[in-house]
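So the chains spell out like this:
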Amino acid sequence: MVWGASKKTLHDGVGAARDNTTVNIEETCPLKNSGGSRPQSRSSRVSKGASWTAVIILIAILVGFLTMIKDVSKSQHYGLARDRRIKYFHNCFVNTGSNVSIAKHLKELTRQPHVAGTPGDILTSEHVLQNFKAYGLAAHTVDYKVLLSYPVSRYLSLYSPDTGLKYQFNLDEEFQSNITNTRSVIAPFHAFAPSGTVTGEVVYVNYGREEDYRILQEKGVNVNGAIVIARYGDVFRGTVVRNAAKAGAIAALLYSDPEQFGGNGAEGYFPDSKWMPPSAVQRGTVMQGNGDPLTPGFASTEYAERLPVASKEVAEKFPSIPSMPISANDARRILMSLSGPAAPSSWRGSMKLDEHHGLGRGPGILNFSYVENQTMATIRNVFAVIKGSEEPDRFVILGNHRDAWTYGAVDPNSGTAVLLEIARNFGVLLRDGWQPRRSIILGSWDAEEYGMIGSTEWVEQNLGNLGSQAVAYLNVDCAVQGSGFFAGATPQLDNLLVEVTKEVSDPDSNSKTVHESWAATSTGIKASLINKLGFSIDRLGGGGSDFVAFLQHAGVPSLDIFYGKDYPVYHTRYDSFSWMKKFGDPYFRRHVAVYSIWGLLALRLADDHVLPFDYLAYADELQLYAEMIKETINTYDAVTIEPITAAIKEFSDAAHKAAEEAEALKKHRKGDARIILWRRAFNDRLLLTERAFLDPEGLKGRPWFRHLIYAPSESNEYSFASFPGVVDAMANATSSKTGEANGELQHEIWRVARRILQAAAALHGRLT
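Residues numbered from 1 in each chain as written. Predicted model: local features only at pLDDT ≥ 70, side-chain atom pairs only at ≥ 80, totals over all residues. Heavy atoms only, no water.

A. Representation of the overall build of the chain in the model. A count of helices and strands for the chain gives 22 helices and 14 strands. When burial is assessed residue by residue, the chain has 56% of its 768 residues classed as buried. Within the chain, contacts between residues at least 6 apart in sequence are counted, and of these 79% link residues at least 24 apart. As displayed, the chain has an accessible area near 31,400 Å², and 52% of this comes from carbon and sulfur atoms. (Helix = DSSP H or I, 4+ residues; strand = E, 2+ residues; numbered from the N terminus. Buried < 20%, exposed > 50% of the residue type's maximum accessible area, 1.4 Å probe, protein only. Contact = heavy atoms within 4.5 Å. Areas by Shrake-Rupley, 256 points an atom, 1.4 Å probe, with all protein chains shown as cover.)

Laid out in structure tokens, this is it:
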């Protein structure tokens, strides 16, 4: 692995890069002519007494035979030579990643804040576009007009009836001179939180989950008419606000607990350590759903139909009560003002709550006012396209979003800098004579932070073509958050991911590959989270990044990779180049590792004759999900999981036959027209199988989510990562305890079973 130049110090004081790793010269030097000669024609002697007719016939037979041998040999030689050449290009790619180049891009991208729809955001799009073009790639932009939300004013004060004192909160994060343009950072807010002015007593609701409200009810704490305060944690912030409104609250405040984000203060705070300062505030959206809320299911192009903002379909995506994020400092003052029943020990975090500080209500009273500005804004996606040489109508898509709540050094521009490095070295390969078999698209999405808007609009606009032509979507959001490799994927990509990590050096260990370190960190994790390859690979049933539209709406096999499970300064003004250089990845080695893995995944998917999909892994995962859910299903009257179990068996049979067919195809190199057509048809079956898990009606009440295996569940009651419609029906059956609800649960089971059978049929590739 090349970390820039040998024994060279990173620019801008990033630090000394480690020496080049020794590599096999035969793999990294340009391929030379193999020197292999073609089979030589053998002369045949004919008896002088033979007739000229016999001679002519014999010569004709020999010429035909030798021509056949020559063509077969030439075909095999071409195939082997092409494979060696492709391997050479792949090795060149891995060995040309530069930490210096990545660091330069990241520093430039994070010079100023770039919230979606602002001038700073447009500047980052220009940086990406100009570099795509400078690297020799065909590049273009696609704009959309979408509804976005910005803060206008915020006010919060605490009044104590006992003392008559009133305290007005500052609400801003502490200024730090080591971060440039700090004063231009957008104020902490919740995107799409409605305007409102309220006054009320306060109730502490822990993480704001449904189970937390049940505990409050058991303790006799009434939430109705109160302002709730919750800590960020297990639940999406939009769900926290929605749960609060459902419980009767009039507003919600959220803070980042130093127990999780501040290291309990034991090591100090940024800039002296990696931990979030107590004045830091986590921004974010509270919209439920993906894409422009005014154009559900279709793209928000200039002349698109748009739903009225006041329409029920749009209003349902936004909270009904105002909300705002606040700092740990401000939250502590509010929590210390509360009386009432003592908080459970598991709720106390690092706020030093004890029996003298309760859950509320009162005696402190909050006055809270928030004004938002919802406005139409232009967002811009940027693309580079490398046309395939043999299958230009099949696309491997790499994507990363570009917009950030502040400077975005981790989220998302660590990924943007890596994407630009991939573009740079794809350009190098193109100049050296490489051209992928299939087309490659590099996508830089906008407005992800508001609800995956840029990627969703593009998927909706191109849904028809993606359905028949997209091979896979490879996502990187935060490329580097810290140490340790993490991944999420649809199961047919598991084996490819594991194979690629064997070819990449561990950035934190000279003697190991990423594969070896990843395997070591997967030990000790409960068996249900580890696939049969021995690795912990998350599934993409939740939200949170741009794979959502590709997988959960369009059914494209997807993958998401990153270094570091999380990072403390998430969505704050301290997510800066300074934080990354000092704590996240001082030598930018982890960035280079992500570059190598992400790029190699794309190269394999674009260049392999047979798509490296393994549906046996998918069958194993489906079987695991069925076993996990079976015990719970059996507790409902007249409900059985047998339809899913039988469907999985059919899918497993199809997966075994597909694996055998793949091995047979791999034995052919170039091949004649019959082999080429066979391979093309087989690859199409592999990419279309994921589409078969889509149901045209979508999930109940949420038709945009069409994938019945991987999509978000509305219920927090179960930890299952699959079958969202079944999980939601289980929660409904548990709460209602009616035969009708049990019937709905059985219907959802049948729906999943039918989708699995459709996927088996797609993989088989035959009609009944």
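B. Quick look at the packing of aromatic side chains. What the rule picks out here adds up to 36 aromatic pairs. Considering the side-chain rings of F192 and F318, the 5.0 Å spacing of their centres and the 5 degrees angle between planes classify their relative orientation as stacked. In this pair, F192 sits in the loop between β3 (190-191) and β4 (196-204) while F318 sits in the loop between α8 (312-315) and β8 (323-326), placing the two residues 126 residues apart along the sequence. The interplanar angle of 5 degrees and the centroid separation of 3.9 Å between the aromatic rings of Y473 and F550 together place this pair among those described as stacked. Of this pair, Y473 sits in strand β12 (residues 470-475) while F550 sits in helix α15 (residues 547-553), and the two are 77 residues apart along the sequence. Of the residues examined, Y473 reaches a relative accessible area of 0% and is grouped as buried. Of the residues examined, F550 reaches a relative accessible area of 0% and is grouped as buried. Taken together, the aromatic side chains of F613, Y615, Y618, Y625, F651, F693, Y710 and F723 make up a single cluster linked through ring pairs. (Phe/Tyr/Trp six-rings, centres within 6.5 Å; stacked < 30°, edge-to-face > 60°.)

C. Representation of the nonpolar core. If you look at the biggest cluster of nonpolar residues, it comprises 217 residues, and the most contacted ones within it are F426, Y450 and F651. Tallying contributions element by element places helix α17 (residues 589-607) first for this core, with 12 residues. Once residues within four sequence positions are removed from consideration, Y450 is found in contact with V115, A116, L148, S149, Y150, F189, A191, F192, T285, M287 and W405. (Core = buried A, V, L, I, M, F, W, Y, C linked by side-chain atoms within 4.5 Å.)

D. Molecular detail of the pairing of strand β13 (residues 485-489). The buried fraction of β13 is high, at 4 of 5 residues. In this sheet, strand β14 (residues 558-563) lies alongside β13 in antiparallel orientation, the contact comprising 5 bridges. Bridging across to β14, A489 finds its partner in L559. (Pairing = 2+ DSSP bridges.)

E. Structural detail: the pairing of strand β11 (residues 438-445). Judged by how many residues are buried, β11 sits mostly within the fold: 8 of 8 residues are covered. Pairing of strand β9 (residues 365-386) with β11, which is carried by 5 bridges, proceeds in the antiparallel orientation. Paired with I386 across the bridge in β11 is I440. The pairing of strand β10 (residues 391-401) with β11 spans 8 bridges and is classified as parallel. Paired with L398 across the strands is L442, a residue of β11. Crossover connection from β10 via helix α10 (residues 413-431) to parallel β11: handedness right-handed. (Right-handed = clockwise from strand over helix to strand, strands pointing away.)

F. Structural view of the packing of helix α3 (residues 99-109) against helix α4 (residues 119-134). Contact geometry for α3 and α4: axes closest at 10 Å, N-to-C directions at 150 degrees. Judged by the angle between their axes, α3 and α4 are roughly antiparallel. Taken together, the residues of α4 that come into contact with α3 (itself represented by H105, E108 and L109) are T124, H127 and N131. Split by residue class, the contact of α3 with α4 holds 1 nonpolar, 4 polar and 1 charged. (Axes fitted to C-alpha atoms, helices over the stretch in contact; angles between N-to-C directions. Parallel < 35°, antiparallel > 145°, perpendicular 65-115°, else oblique. Nonpolar A, V, L, I, M, F, W, Y, C, P; charged D, E, K, R; others polar.)

G. Just the confidence of the model for the chain, in detail. A residue-level look at the chain finds 86% of positions with pLDDT of 70 or above and a mean pLDDT of 87. Predicted confidence for residues 1-58 stays below pLDDT 50, and this span has 88 contacts to residues more than four positions away or in other chains. With pLDDT under 50 throughout, residues 60-78 is counted as low confidence; its partners more than four residues away or in other chains account for 13 contacts. (pLDDT = per-residue confidence, 0-100.)

H. Inspection of the pattern of salt bridges at higher detail. One pass over the structure, following the stated rule, counts 34 salt bridges. For D494, the salt bridge identified is with R539, shortest N-O distance 2.7 Å. A residue pair is termed long-range when its members are at least 10 positions apart, and D494 in helix α13 (residues 494-501) and R539 in the loop between α14 (514-522) and α15 qualify at 45 residues. For K666, the salt bridge goes to E663, with nearest N and O atoms at 3.5 Å. Highlighted residues: K666 and E663, both in helix α19 (residues 642-666), separated by 3 residues, approximately one helical turn. (Salt bridge = Lys/Arg side-chain N within 4 Å of Asp/Glu carboxyl O.)

I. Representation of α3. Most of α3 is tucked away, with 8 of its 11 residues classed as buried. Restricting attention to buried positions, one finds in α3 the residues N99, V100, S101, I102, A103, H105, L106 and L109. Looking at the buried residues of α3, the elements they touch are α4, α10, α16 (577-584) and α17.

J. Spotlight on the side chain of R755. Relative to the helices and strands, R755 is located in helix α22 (residues 739-764). Those residues in contact with R755 that sit more than four places away from it in its chain are A692, F693, L694, D695 and L708.

K. Seen up close, the environment of R680. Structurally, R680 is set in helix α20 (residues 673-689). Of the residues examined, R680 reaches a relative accessible area of 24% and is grouped as partly exposed. Between the C-alpha atoms of R680 and E391, which are 289 residues apart in sequence, the distance is 8.9 Å. If we ignore the near neighbours within four places in the chain, the residues touching R680 are E391, D393 and R394. Among the polar contacts listed, one links the side chain of R680 to the side chain of E391, at a separation of 3.1 Å. (Polar contact = N/O pair within 3.5 Å; in protein donor to acceptor, adjacent residues only side chain to side chain.)

L. Structural detail: the environment of Y563. When you line up the elements, Y563 lands in strand β14. Classification of Y563 as buried rests on a relative accessible area of 2%. Put simply, Y563 and A593 are 30 residues apart on the chain and 8.9 Å apart in space, counted from C-alpha to C-alpha.

M. Fine view of α19. A rise of 1.5 Å per residue sets the reference length of α19, with its 25 residues, at 36 Å; its end C-alpha atoms lie 36 Å apart and thus fit the reference within 8%. For α19, the set of buried residues is P643, I644, A647, I648, F651, S652, A654, A655, A658, E661, A662 and L665. Structurally, α19 contributes buried residues whose contacts are with α18 (615-633), α20 and α22. (Expected span 1.5 Å × (residues − 1).)

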